[in-house]
Amino acid sequence: MGHIIDTPLGQTLRAGKPTLWLNPEFKADKALQSSELSLTDIHQADQRLRRCAALLQQLFPELISSNGLIESELLSANNLQQLHYPDLSGKLMIKGDHALPVAGSIKARGGIHEVLCHAEQLALEHGIISSYDDNYLKLLSEDAQALFNRHEIAVSSTGNLGLSIGIISAALGFRSVVHMSVEAKQWKKQRLRDRGVTVVEHSDDYSAAVAAGRAASNADPVSYFVDDENSPRLFLGYAVAALRLQQQLIEQQIPVDAEHPLFVYIPCGVGGAPGGINFGLKQIFGAHVHCFFAEPVQAPCVLIGMQADDKQHPESVYQVGLRVDTEADGLAVSMASGWVCSVIENMLSGIFTVTDEELFRNLFRLCQSEGIEVEPSAAAGLSGPVWLTGTEPGKAYQQQQRLEPLMHNATHLLWTTGGLFVPAEEMQKFQQRGSQLSAR
Ligand SMILES: *Cc1c(COP(=O)(O)O)cnc(C)c1O
């Protein structure tokens, strides 16, 4: 294929028109294979987080009530459904990662998993612990602190990944450096500086901040770089959410099977968090789960990345004349992770795009109906059920997958991905903007 700009899809994207793209490579049943990763890897990531649960409880008292697990609730969204999706058959639900403790966003599971991987490895190499069965509270000892303080953990971030990595790294005693792109919110930078994290500001966009951060870290032998574009450790930490969701669905007696499809709508930036969840859900639910990502109309980098013949080398949104101009800072990414695009090539059902106006309307509706406050990025998924049930491409998908007779049994899951730490005055501005847009 040539450049995406020469295609009808490219023209739609360039015009900033919202769209639903269906993945032609989606394979309902064959989706379980990835050459690199498996369900076993997800279980290992889950085990690591469990080994570290007592440690995490020591570091973050807010985790005492969950026995050291970083998890969010699975919520019913009856009011939202009645008010704003009156024609939706099936059940509307919310996976509440907007309130995920410690990091305040979906980045918590992946980011904390990766830093724990590194800390565990260093601790084993230096004899702080002798095996996976050892007492992980030894990672809080003076010897461990001295060790970690000789090492640096670096990351590039539009904001939330930096919060996740910075908070856990600093808590464990590492030196921590977060490279931030221009989109990053001031309060996110301040929150990190307050914890002793070094914040490096870049005048470029996110992909440029990643490149600069990676180069600086690679030049320093005691620096470990968390690479948002190429990180199986991050991806597997995100994928653990699928195991946790499976458990919550069982507890709430919500079936997902050949008669009861599950539709999941997840906001997407570089692709890692939604990709990890997509991968995990496919390992668990196979053909019965359908994952759709949500991207801003000005930053549909994964939609563009999925068009490439060679998924490892995606084009950027600049190449279709877009400018990454969005209030959804968590999704403000110009170039997808090529690695993630290749892993989910056959697993992703589709991607829809959302205007900023729509994000703010969604954010306001969610607060009005359910009392749930989210950041703009986290409201992107709310447009999903309408795309799937009320548009031509959505109906085409139902038909292709023979879902029409099952829609009354469906669960539609909106994944709200961030918001816990948004300062009250910022949140008030978001709500006001959503209210004004809704009144029109
Ligand atoms: C990072 C983020 C996402 C998307 O994750 P990616 O790994 O960048 O695709 C979605 N929502 C919020 C709030 C985020 O911070």
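Going by the annotation in an unreviewed UniProt entry, the name recorded for the chain is Probable D-serine dehydratase, with Amphritea atlantica given as the source organism. In the Cofactor (unreviewed entry) part of its UniProt record, the chain is described as follows: "pyridoxal 5'-phosphate". The record held by UniProt for the chain lists under Catalytic activity (unreviewed entry) the comment "D-serine = pyruvate + NH4(+)".

What about the overall build of the chain?
Broken down by element type, the chain carries 17 helices and 11 strands. Its C-alpha atoms give the chain a radius of gyration of 21 Å, within 12% of the compact-globule value 22 Å for 440 residues. In the chain, buried positions account for 62% of the 440 residues. Considering only contacts in the chain between residues 6 or more positions apart, those separated by 24 or more positions represent 74%. Of the accessible surface of the chain, which amounts to about 16700 Å², a share of 47% is contributed by carbon and sulfur atoms.

Points about the UniProt feature "modified residue: N6-(pyridoxal phosphate)lysine" (unreviewed entry) in the chain
UniProt tags Lys107 as "modified residue: N6-(pyridoxal phosphate)lysine" (unreviewed entry). The residue Lys107 is located in helix H5 (residues 107-125) in this model. Lys107 has contacts with Ile112, Asn160, Leu161, Ser164 and Tyr238, leaving out every residue within four places of it along the chain.

Side note on the environment of Thr417
In this structure, Thr417 sits in the loop between strand E11 (411-416) and helix H17 (424-439). Classification of Thr417 by relative accessible area gives buried; the value is 8%. Thr417 sits 278 residues away from Leu139 along the chain, and the two C-alpha atoms are 30 Å apart. Here Thr417 is in contact with Asp97, His98, Ser105, Ile106, Ile266, Pro267, Ser377 and Ala378, once residues within four sequence places are set aside.

Thoughts on the domain arrangement of the chain
Considered domain by domain, the chain is made up of domain 1 (4-104 + 235-439) and domain 2 (107-232). Once you take the C-alpha centre of each, domain 1 and domain 2 turn out to be 25 Å apart. Listed by partner, the interface residues are 43 residues for domain 1 and 36 residues for domain 2. When domain 1 packs against domain 2, the two sides together hide about 3700 Å² of surface, and 63% of this comes from carbon and sulfur. For the pair domain 1 and domain 2, the interface holds 7 salt bridges. With a closest N to O distance of 3.1 Å, Glu375 and Lys188 form a salt bridge. Here domain 1 is connected to domain 2 by 17 residue pairs in polar contact (both at pLDDT 80 or more). Those elements that provide at least two residues to the side of domain 1 that touches domain 2 are helix H2 (39-51), helix H3 (53-59) and helix H10 (232-251).

Details of the sheet that holds strand E7 (residues 223-226)
Spatial strand order, E6-E5-E4-E7: 4 strands in an open sheet with parallel pairing. The two strands at the open ends of the sheet, each matched to only one other strand, are strand E6 (198-201) and E7. Ignoring which end each strand starts from, the neighbouring axes of this sheet average 20 degrees apart. Examined bridge by bridge, strand E4 (residues 152-157) and E7 share 4 bridges and lie parallel to one another. Counterpart to Glu152 in the pairing with E7 is Ser223.

Quick look at the pairing of strand E3 (residues 91-96)
Looking along a regular strand, one sees side chains alternate from face to face of the sheet. The element E3 is extensively covered by neighbouring structure, given that 5 of its 6 residues are classed as buried. Here strand E2 (residues 74-76) pairs with E3 via 3 bridges, running antiparallel. Paired with Leu74 across the bridge in E3 is Lys95. Here E3 pairs with E11 via 6 bridges, running parallel. By the bridge assignment, Lys91 is partnered in E11 with Thr411.

So, the sheet that holds strand E9 (residues 289-296)
One open sheet accounts for 7 strands, arranged E1-E10-E9-E8-E11-E3-E2; its pairing is mixed. Two strands lie at the open edges of the sheet, namely strand E1 (20-22) and E2, each paired on one side alone. Each strand axis lies, on average, 25 degrees off the axis of its neighbour in the sheet, ignoring direction.

Here's the deal with the pairing of E11
Across the 6 residues that make up E11, a large majority, 6, are buried. Burial along E11 is two-sided: the face carrying Thr411, Leu413 and Trp415 and the face carrying His412, Leu414 and Thr416 are both buried. Bridge count for strand E8 (residues 262-267) against E11 is 4 bridges, and the pairing is parallel. Bridged to Tyr265 within E11 is Leu414.

Parameters and conventions
Residues numbered from 1 in each chain as written. Predicted model: local features only at pLDDT ≥ 70, side-chain atom pairs only at ≥ 80, totals over all residues. Heavy atoms only, no water. UniProt positions renumbered as here; feature names shortened; annotations may be inferred. Helix = DSSP H or I, 4+ residues; strand = E, 2+ residues; numbered from the N terminus. Rg over C-alpha atoms; globule rule 2.2 N^0.38 Å. Buried < 20%, exposed > 50% of the residue type's maximum accessible area, 1.4 Å probe, protein only. Contact = heavy atoms within 4.5 Å. Areas by Shrake-Rupley, 256 points an atom, 1.4 Å probe, with all protein chains shown as cover. Domains from an automatic or database assignment. Buried area = accessible area lost by both parts, 1.4 Å probe. Salt bridge = Lys/Arg side-chain N within 4 Å of Asp/Glu carboxyl O. Polar contact = N/O pair within 3.5 Å; in protein donor to acceptor, adjacent residues only side chain to side chain. Pairing = 2+ DSSP bridges. Axes fitted to C-alpha atoms, helices over the stretch in contact; angles between N-to-C directions.

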